[in-house]
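Fold and geometry: a report
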Amino acid sequence: MMNEMSFLKVAYELAVAVDPHETAPNPRVGCVAVLDGVIVGQGAHQKYGTAHAEVLALRDLERVDEIYLTLEPCDYFHGKQTPSCTERIIALKPKKVVVGALDPKFQGKNLEKLRAAAIEVEVLEEQHKKPLNPFLEKWHSESPYPYICLKIAQSLDGKITSPTRYITNKTSRTKVHELRSRYSALLTSTETILQDDPRLDVRWAANPGSTEPGFGEQGTRSCSNPSIVIVGERVLSADLKVFQILDRDIEQYRTRDLDAVLRDLKAKGIDSVLVEVGQTLNTEFVKQGFADEIQIFTAPVFLGESEKAALGAEMSLTDFTLTETAELDGDVWWRYVNQ
Ligand code: AOF
Ligand code: ZN
């Protein structure tokens, strides 16, 4: 006889089987529908922009007793691409909905909506022991900080400054745009902005009509620019490129206290931050244990002693495990996770 935990486990296994890169920036979600103690429908969200787990699992069903979901069901928000799963569930009138985790975007609001429709709701957070959705995991953990990833674009001798504008190739930089698009915020410093004048946008990932032919996902998904967080006291003029992109929030923290900045970001509902900074701040993020993940893009060039390294010479990445690597048209990409 299957109990609640084992039905939720089936939903969890359905979600785990999906490649997270396919659903990003959406979470992986699994759903199981039960009638008279038997599974009558199941599904997992397969790809960004396509049907949610609930839609697939509940398709063709007219009656269910219970619905098991790894994540709180969604409801409408600006820019939403698919119908509301909360409304779909309410229309089906199950007796009970069991969820494995809250969605930071809704923070339990949609569970209240189900309860208001006389549906019993239970949250069984224990399901989320393995990192199904690392941003959500971190959100629900004791940590007062968002999920943090450092992005480093460097030469083979580990240098991140260069006499030319870019070190890595276009394939790497396109992957960076896609990476950015998965995060709620991009964090940089006043020094990096003054030195590089970056746009810090997702134009190659987002724009199918890009002026850079051959790059980006060619319209397979649309994504918006993450918020920008700037750390540092220096004054920035309004004509810098980062300020020319208007469809996003920008906030400058005139402090070097990363602990305070990161706590404030979590308090504001930011679940994930991609950090693109220079040596001093990169080193602080690693030294103070803030980095959950580091993604390094390495170009096959040597820039020599006069350029600056990504991390201070005293730093090592012994706390990090290399989990993935790929060759990107001559550049090499390494992903390290803090574990
Ligand atoms: C669910 N079931 O399977 C997933 C959910 O733009 P949309 O319509 O695809 O909505 C994306 C948001 O829905 C996403 O940011 C997250 O909050 C939630 N994901 N919710 O009910 C699912 N993948
Ligand atoms: Zn949904």
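See the structure printed just above.
These lines cover the structure that appears in this document, whether it is placed above or below. (Residues numbered from 1 in each chain as written. Chains lettered and ligands numbered in written order. Predicted model: local features only at pLDDT ≥ 70, side-chain atom pairs only at ≥ 80, totals over all residues. Heavy atoms only, no water.)

1. With respect to the overall build of the protein chain
Definition in use: Every helix listed is a DSSP run of H or I at least four residues long, and every strand listed is a run of E at least two residues long, numbered separately from the N terminus. Only C-alpha atoms enter the radius of gyration; for comparison, a globular chain is expected to reach 2.2 Å times N to the power 0.38, where N is the number of residues. Three exposure classes are used, based on accessible area relative to the maximum for each residue type with a 1.4 Å probe and protein chains only: buried under 20%, partly exposed in between, and exposed over 50%. Contacts: residue pairs with any heavy atoms within 4.5 Å of one another. Areas reported here follow the Shrake-Rupley algorithm with a probe of radius 1.4 Å; residue values treat only the protein chains shown as occluding. In this tally, Lys and Arg are treated as positive and Asp and Glu as negative; His is ignored, and so are the chain termini. Working definition for charges: the position is that of NZ of Lys, CZ of Arg, CG of Asp or CD of Glu.
Helix and strand counts for the protein chain stand at 11 helices and 13 strands. What you see for the protein chain is a C-alpha radius of gyration of 22 Å, in line with the 20 Å of a compact globule of 339 residues. Viewed in the frame of its principal axes, the protein chain has a C-alpha envelope of about 70 × 40 × 35 Å. Out of the 339 residues in the protein chain, the part that is buried amounts to 51%. When contacts within the protein chain are restricted to residue pairs at least 6 apart in sequence, long-range pairs at least 24 apart make up 71% of them. Taken as a whole, the protein chain presents about 15,900 Å² of accessible surface, with 52% of it coming from carbon and sulfur. Of the side-chain charges in the protein chain, 39 are positive and 50 negative, and the distance between the mean point of each set is 2 Å.

2. Some points on the pairing of strand β13 (residues 331-338)
Rule in force here: A strand pair is defined by DSSP finding two or more bridges across the two strands.
In the sheet, strand β11 (residues 293-299) pairs with β13 via 6 bridges, with the strands oriented antiparallel. From the neighbouring strand, Ile296 faces β13, where its bridge partner is Trp334. Hairpin geometry of strand β12 (residues 320-328) and β13 is characterised by an intervening segment of 2 residues between the two adjacent antiparallel strands and by a positive phi of about 50° at Asp329.

3. A look at the pairing of strand β7 (residues 185-189)
Of all 5 residues in β7, 5 are buried, a share of seventy percent or more. Sheet analysis places β7 next to strand β8 (residues 227-231), joined by 5 bridges and oriented parallel. Pairing of Leu187 across the sheet is with Val229, part of β8. When β7 meets strand β10 (residues 272-275), the two strands line up parallel, connected through 3 bridges. Paired with Ala185 across the two strands is Val273, which belongs to β10.

4. Looking at the coordination of the zinc ion (ligand 2)
We count it as follows: Distances define the donors: N, O and S atoms within 2.8 Å of the metal qualify, as do those within 3.2 Å of Na, K or Ca. Water is excluded, so some sites may look unfinished. Geometry is assigned from donor-metal-donor angles: four donors are tetrahedral when every angle falls between 85 and 135 degrees, four are square planar and six octahedral when opposite donors sit over 155 degrees apart with all other angles between 65 and 115, and any other arrangement is irregular.
Looking at the metal site, the zinc ion (ligand 2) is ligated by His52 (ND1), Cys74 (SG) and Cys85 (SG), spaced 2.0 to 2.2 Å from it. Classification of the site at the zinc ion (ligand 2) as tetrahedral follows from its 4 donor atoms and the range of 102 to 117° in their angles at the metal. The sequence pattern describing where the donors of the zinc ion (ligand 2) fall on their chain is H-x21-C-x10-C. Residue Cys74 is located in the loop between β3 (66-69) and α4 (85-92), and its partner Cys85 is located in helix α4; the two are separated by 11 residues in the primary sequence. Cys85 shares its class with Cys74; the two are buried.

5. Brief notes about the sheet that holds strand β1 (residues 30-35)
For clarity, the cut-off: Only the stretch in contact is used when fitting a helix axis, every axis being a line fitted to C-alpha atoms; angles between N-to-C directions are given from 0 to 180 degrees.
With mixed pairing, the 5 strands of this open sheet are ordered in space as β2-β1-β3-β4-β5. Unpaired on one side and paired on the other, β2 (38-44) and β5 (120-123) mark the two borders of the sheet. The mean inter-strand angle of the sheet, taken between neighbouring strand axes irrespective of direction, is 15°. When β1 meets β2, the two strands line up antiparallel, connected through 6 bridges. In the strand pairing of β2, Gly30 is matched with Ala44. The strands touched by helix α1 (residues 4-16) are β1, β2, β3, β4 (96-99) and β5; relative to β1, the strand with the most contacts, the crossing angle is about 140°.

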